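# Coordinates in review
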Amino acid sequence: MSEITRRPAVRSSVAAGAVVLVAVLAAGSGSTSALGFGAVGGLVFAGGLAIGRHRAVDAGALALFFGVVAGGLEVPTVEATIVATVATVVAWDLAHGAIALGDQLGREADTRRLEGIRAVSSLLVGLLSGTAGYATYVLGGGGQPVAAVVLLLIAAVLIVVGFGGRRARSNRRLRTRH
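A quick note: this is a predicted structure, and the numbers were derived from the prediction, not measured. (Residues numbered from 1 in each chain as written. Predicted model: local features only at pLDDT ≥ 70, side-chain atom pairs only at ≥ 80, totals over all residues. Heavy atoms only, no water.)

## Notes on the nonpolar core
Of all hydrophobic cores here, the largest spans 23 residues; its most connected members are Ala16, Val19, Val20, Phe45, Leu49, Val57 and Ala95. Among the elements of the structure, helix 1 (10–27), helix 2 (32–51), helix 3 (54–74) and helix 4 (79–105) are those that each provide at least two residues to this core. With 11 residues, the single largest contributor to this core is helix 4. In contact with Leu49, other than residues within four places in its own chain, are Pro8, Ser13, Ala16, Val57, Ala95, Ala98 and Ile99. Ala26, Phe65, Val68 and Ala84 belong to the second largest nonpolar core, which has six residues in total. (Core = buried A, V, L, I, M, F, W, Y, C linked by side-chain atoms within 4.5 Å. Buried < 20%, exposed > 50% of the residue type's maximum accessible area, 1.4 Å probe, protein only. Helix = DSSP H or I, 4+ residues; strand = E, 2+ residues; numbered from the N terminus. Contact = heavy atoms within 4.5 Å.)

## Things to note about helix 1
End to end, helix 1 covers 26 Å across 18 residues, agreeing with the expected 26 Å (1.5 Å per residue, within 8%). Taken as a whole, helix 1 has its buried residues at Ser12, Ser13, Ala16, Val19, Val20, Ala23, Val24, Ala26 and Ala27. Buried residues of helix 1, seen end-on, are gathered within an arc of 160° and therefore sit on one face of the element. Exposed and facing more than 90 degrees away from the buried side of helix 1 are Val14, Leu21 and Leu25. Residues of helix 1 that are buried make contact with helix 2, helix 3, helix 4 and helix 5 (112–140). (Expected span 1.5 Å × (residues − 1). Arc of directions from axis to C-beta.)

## Overview of the environment of Glu79
Tracing the chain through its elements places Glu79 in helix 4. Residue classification places Glu79 among the partly exposed residues on the basis of a relative accessible area of 38%. Counting along the chain gives 55 residues from Glu79 to Tyr134, while the straight-line C-alpha distance between them is 7.7 Å. Only 2.7 Å separates the side chain of Glu79 from the side chain of Tyr134, close enough to count as a polar contact. (Polar contact = N/O pair within 3.5 Å; in protein donor to acceptor, adjacent residues only side chain to side chain.)

Following this line, the structure appears as structure tokens:
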């Protein structure tokens, strides 16, 4: 038998990298500081994905999100902020899926269908959430500043980080039992 390569799944890694690029470009579309944070976050994210480390991916996504927040505070339009936020969360989810697949099944396993379903479902949830957020902003904003939307996005990310932290602790417990 050959040794299993415990590296992140290739297709999901490439998809996550492409979505991170979208997030960086959307976040930095009107702000150089947002582009700087986004670029640093994207590099840390890509590095973490390349070595298969959840914490590095989390740190990169967080830095990228700081870029999204900076861009949202500096640019008067909200559309780029929503796109960048959705792209950041989708990339984060895809990266964690790629690392988990690599850990569990190895890089050589045929996981095309599983990766495709995860990518489509993550994108669909992101698009629906972004659309709902934008509709709420347009219909109920009543001239509210973009900073209010940014604060709501920060709250959403903190919820996601909370769920992710619980999942990481659960995975550690499972690994120590086996």
